[in-house]
Amino acid sequence: MTKADLTDTIATGTGLTRTETEAVINGFLYTVAEALKAGERVDLRGFGVFEVRRRAARMARNPRTNQEVPLEAHYAPAFRPSRDLRDAVAKALGPPPDEEGA
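The shown structure was predicted, so the numbers you read here are calculated from the model rather than taken from an experiment.

Describing the packing of aromatic side chains
By the definition in use, this model includes two aromatic pairs. With a centroid separation of 5.4 Å and an interplanar angle of 50 degrees, the aromatic rings of Phe47 and Phe79 are classed as tilted. Of this pair, Phe47 sits in the loop between strand 1 (42–44) and strand 2 (48–55) while Phe79 sits in strand 5 (residues 74–81), and the two are 32 residues apart along the sequence. Given a relative accessible area of 38%, Phe47 falls into the partly exposed group. On the accessibility criterion, Phe79 (33% relative accessible area) is partly exposed. Taking the centre distance of 4.9 Å and the plane angle of 45 degrees together, the rings of Phe50 and Phe79 count as tilted. One end of the pair, Phe50, is in strand 2; the other, Phe79, is in strand 5, with 29 residues separating them in the sequence. Each residue in the set Phe47, Phe50 and Phe79 is aromatic and connected to the rest through ring pairs, giving one cluster.

Concerning a nonpolar patch on the surface
Together, Met1, Leu6 and Ile10 give the surface a local cluster of nonpolar side chains, amounting to about 300 Å² of exposed area. Relative to the elements of secondary structure, Leu6 occurs in helix 1 (residues 3–14). Among the residues examined, Leu6 registers a relative accessible area of 34% and is labelled partly exposed.

So, the sheet that holds strand 2
What the three strands build is an open sheet, ordered 1-2-5; its pairing is antiparallel. Each end of this open sheet is capped by a strand with a single partner; those strands are strand 1 and strand 5. Across the sheet, the mean angle separating the axes of adjacent strands is 30 degrees when strand polarity is ignored. Sheet analysis places strand 1 next to strand 2, joined by three bridges and oriented antiparallel. Bridge assignment links Leu44 to a residue of strand 2, and that residue is Gly48.

Examining helix 2 (residues 18–37)
With 20 residues, helix 2 should reach 28 Å at 1.5 Å per residue; the first-to-last C-alpha distance of 28 Å fits that figure. Looking at helix 2, one finds that the buried residues are Thr21, Ile25, Val32, Ala35 and Leu36. One side of helix 2 holds all its buried residues, which, seen down the axis, span an arc of 105 degrees. Pointing more than 90 degrees away from the buried face of helix 2 are the exposed residues Thr19, Tyr30, Thr31 and Lys37. Of the surrounding elements, those touching the buried residues of helix 2 are helix 1, strand 1, strand 2 and strand 5. With its phi angle positive at about 80 degrees, Gly39 sits one or two positions after the end of helix 2.

Conventions adopted
Residues numbered from 1 in each chain as written. Predicted model: local features only at pLDDT ≥ 70, side-chain atom pairs only at ≥ 80, totals over all residues. Heavy atoms only, no water. Phe/Tyr/Trp six-rings, centres within 6.5 Å; stacked < 30°, edge-to-face > 60°. Helix = DSSP H or I, 4+ residues; strand = E, 2+ residues; numbered from the N terminus. Buried < 20%, exposed > 50% of the residue type's maximum accessible area, 1.4 Å probe, protein only. Patch = residues over 30% accessible without salt bridge, like charges linked within 9 Å, V, L, I, M, F, W, Y side chains within 5 Å. Areas by Shrake-Rupley, 256 points an atom, 1.4 Å probe, with all protein chains shown as cover. Salt bridge = Lys/Arg side-chain N within 4 Å of Asp/Glu carboxyl O. Pairing = 2+ DSSP bridges. Axes fitted to C-alpha atoms, helices over the stretch in contact; angles between N-to-C directions. Expected span 1.5 Å × (residues − 1). Arc of directions from axis to C-beta. Contact = heavy atoms within 4.5 Å.

Now the structure itself:
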């Protein structure tokens, strides 16, 4: 689902215009991004948590050249789904199919 699809679905479900819905979605995304840039955690009960995690320095490998490359420690945004969301997705999709060769 793209941002345009999300906008259309929400607009249809709420009765808002597509322009109003897009403004709300953009406002939400901007607010979450600003909170993460400030090092804050965004907790949406029943949905999940957006947070910033520190990634330790490590050695990585360039897949094209197979050369080792040092990566510095850095911060990265992360999303952790709530138990309610995980359970709802698992119930809707059912068990995963067996992988071939496993």
